[in-house]
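Architecture and fold: a report
Take a look at the letters that make up each chain.
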Amino acid sequence: MQKLQVLVPSFWEKFNCIGSACEENCCEADWGIFIDKNTYNLYRGIKDPEFQEQMKSRIKRVRTEKANDKTYAQMLLDDQGKCMWLENGMCAIQLKLGYKYLCSTCLLYPRKQIKNFFGVLESTLSMSCPEVVRVGCFPDQEITYKVIELENTHSRSLAAQPVVGFDKKTNPLAVHAPVLRRCCTVIMQNRELSIADRIFAIGVMLKKIRDYSDVGNFDIAPAVAEQYVAAVQGGQFNNILSTFSDNPEVKATIKAKIFNTAISLEKSGKPSFKSFIPCIENLATKLDKAPENVTNLEVSTMIETAASKYWGEFLEKRGHIIENYFVNYIFGTSFPFSYPIGIQHHVLLLAESYALLKLLICSTADIDGYITDENLITAITSLFRHTGHSDKIKGLTESYMVTGMDSMACISFMLRD
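Residues numbered from 1 in each chain as written. Predicted model: local features only at pLDDT ≥ 70, side-chain atom pairs only at ≥ 80, totals over all residues. Heavy atoms only, no water.

1. Notes on the overall build of the protein chain
- The helix and strand tally for the protein chain stands at 15 helices and 10 strands.
- Among the 417 residues that make up the protein chain, the fraction classed as buried is 51%. (Helix = DSSP H or I, 4+ residues; strand = E, 2+ residues; numbered from the N terminus. Buried < 20%, exposed > 50% of the residue type's maximum accessible area, 1.4 Å probe, protein only.)

2. Considerations on helix α15 (residues 408–415)
- With seven of eight residues buried, α15 is to be regarded as a mostly interior element.
- Among the residues making up α15, those that are buried are M408, C410, I411, S412, F413, M414 and L415.

3. Structural notes on the packing of aromatic side chains
- All told, the structure shown has 12 aromatic pairs when counted by the stated rule.
- Relative to F51, the ring of Y43 has its centre 5.7 Å away and its plane inclined at 70°; by these criteria the two rings are edge-to-face.
- Residue classification places Y43 among the buried positions, given a relative accessible area of 0%.
- A relative accessible area of 1% means that F51 is categorised as buried.
- Their ring planes at 75° and their centres at 5.8 Å tell us that W311 and Y354 sit as a pair that is edge-to-face. Of this pair, W311 sits in helix α11 (residues 296–332) while Y354 is found in helix α12 (residues 346–368), placing the two residues 43 residues apart along the sequence. Each member of the pair, W311 as well as Y354, is classed as buried.
- These aromatic residues form a ring-pair network of at least three members: Y43, F51 and W85.
- Geometry around W85 places R58 over its ring, the cationic atom sitting 4.8 Å from the centre.
- The ring of F117 carries R181 above its face, with NZ or CZ at 4.1 Å from the centroid. (Phe/Tyr/Trp six-rings, centres within 6.5 Å; stacked < 30°, edge-to-face > 60°. Lys NZ or Arg CZ within 6 Å of the ring centre and 35° of its normal.)

4. Remarks on the pattern of salt bridges
- Overall, the coordinates contain 19 salt bridges when judged by the stated rule.
- Two residues, K96 and D48, come together in a salt bridge whose shortest N-O distance is 2.7 Å. Taken together, the residues span a long stretch of sequence, with K96 in helix α3 (residues 92–97) and D48 in the loop between α1 (37–44) and α2 (49–58) at a distance of 48 residues.
- A relative accessible area of 41% places K96 in the partly exposed class.
- Salt-bridge contacts for E87 lead to R58; the nearest nitrogen and oxygen are separated by 3.2 Å. With E87 in strand β5 (residues 86–87) and R58 in helix α2, the pair connects residues that are 29 residues apart, well separated along the chain. (Salt bridge = Lys/Arg side-chain N within 4 Å of Asp/Glu carboxyl O.)

5. Remarks on the packing of helix α7 (residues 195–214) against α15
- Between α7 and α15, the shortest axis-to-axis distance is 10 Å and the interhelical angle comes to 160°. With respect to α15, the axis of α7 lies roughly antiparallel. Here α7 runs over α15; the crossing is right-handed. Of α15, the residues touching α7 (which contributes A196, I199, F200, G203, V204 and K207) are M408, S412 and L415.
- Of the residues in the contact of α7 with α15, the class split is six nonpolar, two polar and one charged. (Axes fitted to C-alpha atoms, helices over the stretch in contact; angles between N-to-C directions. Parallel < 35°, antiparallel > 145°, perpendicular 65-115°, else oblique. Left-handed = near helix turned anticlockwise from the far one by under 90°. Contact = heavy atoms within 4.5 Å. Nonpolar A, V, L, I, M, F, W, Y, C, P; charged D, E, K, R; others polar.)

6. Re the sheet that holds strand β3 (residues 59–61)
- Judged by pairing direction, the sheet is antiparallel, and its three strands sit side by side in the order β2-β4-β3 without closing on themselves. Each having just a single partner strand, β2 (34–35) and β3 make up the two edges of the open sheet.
- Pairing analysis gives two bridges linking β2 to strand β4 (residues 73–75), with the strands arranged antiparallel. By the bridge assignment for β4, I35 is matched with A73. (Pairing = 2+ DSSP bridges.)

7. Let's talk about α1
- For α1, every residue scored as buried is listed here: T39, Y40 and Y43. Taken down its axis, α1 places every buried residue within 100° of arc, on the same side. Exposed and facing more than 90 degrees away from the buried side of α1 are N38 and R44.
- Where α1 is buried, its residues meet β2, α2, β3, β4, α3 and α4 (104–108). (Arc of directions from axis to C-beta.)

Take a look at the structure:
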């Protein structure tokens, strides 16, 4: 039996689905659950009249142009967005037939599809799952990586999924992606700097590499990246953000963009940034107002006040949680080549995520008087889901680029504590 050697983060094997005990059960998340063709045919072959009758009301074939062997059919959801196979918090298919009968989507999640990263097969776990956040972000230790063996049974296991290839043809710099990602990770894990200074240092490094690539000098990228790692380790970026002069007008514009993005996501009616509903209601009570009459300025002021109280102490005591989030993000998204934008603009994604995490985490701290584990997990899972799937998050990045607010000076305003 062939086995695959796959590079995974050190917390990979510590994850176990907690099922009905999960506060964000993925079977209730109003997500599209596609069924691959092999699994659909497997279900059709089960000699159980009750199961076949349930299939008629719980599964439908996909008969649009989107249909392929991976999206051959789809689980039906009820009016609340719950999978119709969910019974008393548990999957009826798994209970009756065993986990091997789960479709690929359910069998894999939160494990992410294997990608071939320049000859190395890799996979990670999605931070959209609360239990992944607990095992991956909360331990106060650096994330490391290990090679594990996955049996390739050519069935519906993770190893049997099509391997995603990394496209290096569209960008001459992409051949240096492994070195650049490693250097970004080393900087992100340097605890002599604040999280914000680490993100800024990565941004400066990527901008310098972009400057060289603009004149056709692509092969200098690894040496430049190593130079910046050495500079960070030598203390040259310690407290770097404090050296920038303030610009209240630009700062206000940038913060407004981030705040308005979060507000619009909260009002989108989809699984979203859940922190705003309770924090706005709590603020309304303090102001003796109806929640719908609370202004954006009042909410923004409340969050700024809460951040000044809680954020610095949180980072001092538990900053490793935010560090681990970003390290996993860098590894899991092929950073800094995740999206078809210039590599220097990828730091915008990190800076925006940092600012949004701060906003989400501190908004609920105002209610509880401290930053709770529950609200930390909610903020991280919400952000991860939107970073990968929301047009509003992508629109935020593009708006900075279009308006010329993508300079390192402007990015510094997103990061300042």
